[in-house]
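Chains, contacts and geometry: an overview
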Amino acid sequence: MDWEKVREDDDPDAYDTTARVGELREQIQHLNAVLAETEARLADLAITAKLIAELAPTGDDPDPPETNTAYQAIVNAFNRHPSQVFRACELHELLGMPTDEASVNITRSRLGRLTRQGFLTQPGRGRYQKRT
C-alpha cells in the first residue's frame, strides 16, 4: 500500500497513519545521521588510542604516579606513629609537603578515602588516627 496516496475519506485512520509514517522516517534519518557522527568519532578515538599506545614510554621500570607516592607517604606516617592523631596540615608539616590550602585539601580528601577504606579512624572532626 502506498501511504502517500491514501486519502482521508478512504480510511479515517489513514491520515494519522500517514503522518506517523512520515514522523518515523524523519526519526530514522536523524538517527542515521547521529549514528554516522558517532561512528566517525569512534574511529577518531581508535586512532588516538593507537597513537597514544605507540608514543607511550615502554620502560620496564615506570615511575609510580604521584598520587600513589602521596598515599604511601601518608600511610607510612600513620604506621610510624600508630597512636598519634593527626590533622591534615600536621601531616603536611611532618612529611615536608606544601602547606598551601589546595594541597592540604587534597590530603583531606585522601584521608577521607583511607577512613572509608577502614585504614584510619576519625576520632574528631578533621582528626585522623590509624585504626588499631
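Source: prediction; values computed, not measured.

On to helix α3 (residues 88-95). Within α3, the full set of buried residues consists of A88, L91 and H92. Angular distribution of buried residues about the axis of α3 spans 100°; they occupy a single face of the element. One or two positions beyond α3, positive phi appears at G96, with a value near 70°.

We now examine the packing of aromatic side chains. Taken as a whole, this structure holds one aromatic pair when the rule is applied. Centroid distance F78 to F86: 5.3 Å. Interplanar angle 90°. Geometry classified as edge-to-face.

Here the focus is helix α4 (residues 101-116). Taking 1.5 Å of rise per residue, 16 residues should cover 22 Å, and α4 covers 23 Å from first to last C-alpha, within 8% of that figure. When α4 is considered as a whole, its buried residues turn out to be S103, V104, T107, R110, L111, G112, L114 and T115. Where α4 terminates, the next one or two residues include G118, which has phi positive at roughly 90°.

Judged by side-chain polarity, I47, L51 and L55 come together as a nonpolar surface patch covering roughly 330 Å² of accessible area. Following the sequence through the fold, I47 ends up in helix α1 (residues 14-55). On the basis of relative accessible area, I47 is assigned to the exposed category, the value being 51%.

A word on the side chain of H92. Here H92 is to be found in helix α3. A distance of 3.4 Å separates a polar atom in the side chain of H92 from the backbone oxygen of S103. Apart from the residues within four sequence positions on either side, H92 is in contact with M97, P98, T99, S103, V104 and T107.

All right, on to the confidence of the model for the chain then. Residue-level pLDDT values for the chain average 82, and 81% of them are 70 or greater. Per-element confidence in the chain is highest for strand β2 (residues 127-130), whose mean pLDDT is 93, and lowest for helix α2 (residues 66-80), whose mean pLDDT is 81. Within the model, the stretch residues 62-66 combines pLDDT values under 50 with one contact to residues more than four positions away or in other chains.

What follows deals with the pairing of strand β1 (residues 120-124). Here β1 pairs with β2 via three bridges, running antiparallel. Each bridged residue has a counterpart across the sheet, and for G124 the counterpart in β2 is R127. The turn linking β1 back onto β2 is made up of two residues, and G126 within it adopts a positive phi angle of 75°.

Cut-offs applied
- Residues numbered from 1 in each chain as written.
- Predicted model: local features only at pLDDT ≥ 70, side-chain atom pairs only at ≥ 80, totals over all residues.
- Heavy atoms only, no water.
- Buried < 20%, exposed > 50% of the residue type's maximum accessible area, 1.4 Å probe, protein only.
- Helix = DSSP H or I, 4+ residues; strand = E, 2+ residues; numbered from the N terminus.
- Arc of directions from axis to C-beta.
- Phe/Tyr/Trp six-rings, centres within 6.5 Å; stacked < 30°, edge-to-face > 60°.
- Expected span 1.5 Å × (residues − 1).
- Patch = residues over 30% accessible without salt bridge, like charges linked within 9 Å, V, L, I, M, F, W, Y side chains within 5 Å.
- Areas by Shrake-Rupley, 256 points an atom, 1.4 Å probe, with all protein chains shown as cover.
- Salt bridge = Lys/Arg side-chain N within 4 Å of Asp/Glu carboxyl O.
- Polar contact = N/O pair within 3.5 Å; in protein donor to acceptor, adjacent residues only side chain to side chain.
- Contact = heavy atoms within 4.5 Å.
- pLDDT = per-residue confidence, 0-100.
- Pairing = 2+ DSSP bridges.

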